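# Breakdown of the fold
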Amino acid sequence: MLLALGLISLASTANAVPGGKLKTLQLGNWSCEVPGDATVMPVAKPELSFTTIADSSYIAPDGVRGSYLRLAGDVTLTSGTFAGRRFTLDGEEIMRETGDGDRQTGLRCVHASPVNIATPG
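What this report covers is the structure whose coordinates are included nearby. Keep in mind the model is a prediction, meaning the values are calculated, not measured.

## Re the overall build of the protein
For the protein, the count of helices and strands is one helix and 11 strands. Reading the helices (α) and strands (β) of the protein from amino to carboxyl end gives α-β-β-β-β-β-β-β-β-β-β-β. The buried share of the protein, reckoned over its 121 residues, is 26%. Taking all contacts inside the protein whose residues are at least 6 apart in sequence as the whole, residues at least 24 apart take part in 35%. Split by element, the accessible area of the protein, about 7800 Å² in all, is 60% carbon and sulfur.

## Focus: the pattern of salt bridges
As a working rule, side chains carrying opposite charge can pair if their charged atoms are close by. Taken as a whole, this structure holds five salt bridges when the rule is applied. One salt bridge in this structure joins Glu-33 and Arg-108, with 2.6 Å as the shortest N-O distance. One end of the pair, Glu-33, is in strand S3 (residues 28-34); the other, Arg-108, is in strand S11 (residues 104-111), with 75 residues separating them in the sequence. Residue Glu-33 is classed as buried on the basis of its relative accessible area of 18%.

## Some thoughts on the state of the cysteines
Every disulfide links exactly two cysteines, by a covalent bond between their sulfur atoms. Enumeration over the complete set of coordinates arrives at one disulfide. One disulfide bridge connects Cys-32 with Cys-109, the sulfur atoms lying 2.0 Å from each other. Around the S-S axis, the bridge from Cys-32 to Cys-109 shows a dihedral of about 100° and counts as right-handed. Taken together, the positions of Cys-32 in strand S3 and Cys-109 in strand S11 put the pair 77 residues apart, joining distant regions of the chain. Of the two residues, Cys-32 and Cys-109, neither departs from the other in class, the shared state being buried.

## Side note on the environment of Thr-78
Inspection of the secondary structure puts Thr-78 in the loop between strand S8 (74-77) and strand S9 (86-89). Overall, Thr-78 belongs to the partly exposed group, its relative accessible area being 43%. Here the alpha-carbon distance between Thr-78 and Gly-66, two residues 12 residues apart in the chain, equals 7.2 Å. What Thr-78 contacts, discounting residues up to four positions off in sequence, is Ser-67, Tyr-68, Leu-69 and Ala-83.

## Considerations on the environment of His-111
With respect to the secondary-structure elements, His-111 resides in strand S11. Exposure remark for His-111: the relative accessible area of 6% places this residue in the buried category. When the C-alpha atoms of His-111 and Ile-94 are compared, they prove to be 6.3 Å apart, with 17 residues separating the residues in sequence. Sequence-distant contacts of His-111, defined by excluding residues within four places in its chain, comprise Gln-26, Leu-27, Gly-28, Asn-29, Trp-30 and Glu-93. Of the polar contacts made by the side chain of His-111, one reaches the side chain of Glu-93; its length is 2.7 Å.

So, how was this worked out
- Residues numbered from 1 in each chain as written.
- Predicted model: local features only at pLDDT ≥ 70, side-chain atom pairs only at ≥ 80, totals over all residues.
- Heavy atoms only, no water.
- Helix = DSSP H or I, 4+ residues; strand = E, 2+ residues; numbered from the N terminus.
- Buried < 20%, exposed > 50% of the residue type's maximum accessible area, 1.4 Å probe, protein only.
- Contact = heavy atoms within 4.5 Å.
- Areas by Shrake-Rupley, 256 points an atom, 1.4 Å probe, with all protein chains shown as cover.
- Salt bridge = Lys/Arg side-chain N within 4 Å of Asp/Glu carboxyl O.
- Disulfide = S-S within 2.5 Å.
- Polar contact = N/O pair within 3.5 Å; in protein donor to acceptor, adjacent residues only side chain to side chain.

Written out as structure tokens, the structure is:
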């Protein structure tokens, strides 16, 4: 009985201390841009965009593969072309880049692949 309880607890979501639950990003293209407003159009930054793939990995525009770590709503690109870039998630489809002192840099990356919308029922 105790062995069964131990195995069940291992099957739950992994927790990383103290960063929160270990998760992954939506797979697909992430288009990065400097957002606009009512008077200014957004400025696309394709050189900073990337594609997320399986195994907590991404592919940069130069074709180099890297990895990332997502702890709850914080994402750090840990290897590859963009190693060291950090983001804070704003929902599951938008990330805002953070720099020194966790200040936003003004860059956001939007999940550009089909949105996963739950169907009723």
